[in-house]
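Spelled out, the chains give:
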Amino acid sequence: MDRREFIKGAALGVGVGAIGAMGAYSYSPMRRAFLKDVKRGTADIGVCKAIKITNISETSWFDNGTFMKDVTGAGGLLVDQYTFNWPPFGNGKGIGKGSYADGMKLIKHLLPNKLEEAWQIVRENSVHSENAGGFSCLVEIEAMDGKVTKYLFDTGWNYLWMDTCYKREGIDTMLANNEITAMIQTHEHMDHYFGLPAVTKYNPNIHIYTPNTFYPNGKQYLKDCGHVGKWTEVPKGLHKIQEGAALYGFDCPIIFKVFGEMSLYCNVKDIGLVSITGCCHQGIILFADTAYKTIAYENDQFYGLYGGLHISPFDDWDPKYDDLVIGLKKWDLQRVGCNHCTGLITAQKFVDAGYPVVKGTARFRSKTTNYLGNGDVIKFPS
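Residues numbered from 1 in each chain as written. Predicted model: local features only at pLDDT ≥ 70, side-chain atom pairs only at ≥ 80, totals over all residues. Heavy atoms only, no water.

Draft legend 1. Geometry of unusual backbone geometry. A cis amide bond links P87 with the next residue in sequence, P88, at an omega value of 5°. As for its placement among the helices and strands, P88 is situated in the loop between helix 4 (64-74) and helix 5 (100-107). Even without being a glycine, N85 presents a positive backbone phi close to 75°. Structurally, the position occupied by N85 is in the loop between helix 4 and helix 5. (Helix = DSSP H or I, 4+ residues; strand = E, 2+ residues; numbered from the N terminus.)

Draft legend 2. Spatial organisation of empty space enclosed by the protein. This structure, assessed with the given rule, holds four cavities of 30 Å³ or more. Taken as a whole, the largest cavity encloses approximately 90 Å³ of empty space. Residue lining of the largest cavity: 15 residues in total, with W61, H189, I255, H281 and H310 positioned closest to the centre. Element by element, the count of residues in the lining of the largest cavity is highest for helix 9 (residues 190-193), at three residues. Residue composition of the lining of the largest cavity, by class: nine nonpolar, five polar and one charged. (1 Å grid on protein atoms, 1.4 Å probe; cavity = no way out; pocket = protein on both sides within 12 Å on 5 of 7 lines; lining within 4 Å. Points joined across faces, edges and corners; volume = space filled by probe spheres on them. Nonpolar A, V, L, I, M, F, W, Y, C, P; charged D, E, K, R; others polar.)

Draft legend 3. Representation of the nonpolar core within the structure. Counting residues in each nonpolar core, the largest one holds 84 residues, and the members touching the most others are F67, I171, L196, Y221 and I284. With near-sequence residues (within four places) excluded, L196 lies in contact with T155, M183, I208, Y221, L222 and C225. Ranked by size, the runner-up nonpolar core spans 28 residues in total, among them V139, A182, L264 and Y303. (Core = buried A, V, L, I, M, F, W, Y, C linked by side-chain atoms within 4.5 Å. Buried < 20%, exposed > 50% of the residue type's maximum accessible area, 1.4 Å probe, protein only. Contact = heavy atoms within 4.5 Å.)

Draft legend 4. Seen up close, the state of the cysteines. Under the definition given, this model contains zero disulfides. Between C252, a cysteine without a disulfide, and C280, which holds the nearest cysteine sulfur, the sulfur-to-sulfur distance is 8.8 Å. Owing to a relative accessible area of 9%, C252 belongs among the buried residues under this scheme. (Disulfide = S-S within 2.5 Å.)

Draft legend 5. Quick peek at the pattern of salt bridges. All told, the structure shown has 12 salt bridges when counted by the stated rule. A salt bridge links D163 to K201, with the nearest nitrogen and oxygen atoms 3.2 Å apart. In this pair, D163 sits in helix 7 (residues 159-168) while K201 sits in the loop between helix 10 (197-200) and strand 5 (207-211), placing the two residues 38 residues apart along the sequence. For D163, a relative accessible area of 7% translates into the label buried. On the accessibility criterion, K201 (25% relative accessible area) is partly exposed. We note a salt bridge from K349 to D322, for which the minimum N-O separation is 3.0 Å. Taken as a pair, K349 in helix 14 (residues 344-352) and D322 in helix 13 (residues 320-327) lie far apart in primary sequence, 27 residues in all. Ionic contacts of the salt-bridge type, sharing partners, join the residues D163, K167 and K201 into one network. (Salt bridge = Lys/Arg side-chain N within 4 Å of Asp/Glu carboxyl O.)

Dropping the structure here:
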């Protein structure tokens, strides 16, 4: 067993895993022991001119009660996501009795081009397939010379829902025309990753970035979905992808036996740092502190934040989270865009605390204007 596997196994145990999986460690006083006397970061990732983010789908799942009932029925938050019998890997045996191999055997011959036929089989064999949605957004980075580079950020979950959302925002055409430079897969969770065939259907050659901590099933899924392009596994730490933009790999244990998440830091000229997350399982405080101690960004200003903040994604509010909401004021954020992984209560708390939350339109099944919802756009600078 190598060091990484040992760390995974230990972190996902009942003791440490229960804490780390929900990001509680990042919210606790324990982490401060490792972050005393932090020096300002000096890594130069260059600068860009502007960032535009289009929320394709922030609706990871549609009903929280149904989702949590499934989690309980399958054995809890530390159970392997591939065994839940959630779509698309259902084998007809019921909650908690699934397997990647069994489920994939039923639909592999239809991927990635026959999504409707595949999903019909998925419906017949999976638990609550109608509750699956997904998260995905389009990140457009404008360089100082005006050139715009597009990145697809995560792939969602439900094949048909994501295909509909991609068509709504023109992502299908962008993929087919090679207008999207690469796909950034932040982590292995079902609602961010299982919708991959809706991407490879239009461009099987797209360059994909993933954390280097994917499990064998997650790696095999890339192949089973028809991906034949370049695949970059990003290790822990900073990984520059263009002038003014860098991925950062966090080694962190996450619920459903997933390990590791990537986020994106962008340094906008004369503005400051814009940070983009999928879920931010590493914890929002650690996320902000890591940027501060690693990167030299404009004006020393943590200007903007978009994505999941993962403070109370299941709306199980704990009073200690109020301290987090208040504590983030030290970063003097100028624009904040929240999505599903933030949680309804958290988003409202941010609004009530006076944060500059960019409101959405609550269209296409998004639940609140406090989210930057489906089809909504945020820009940095505004």
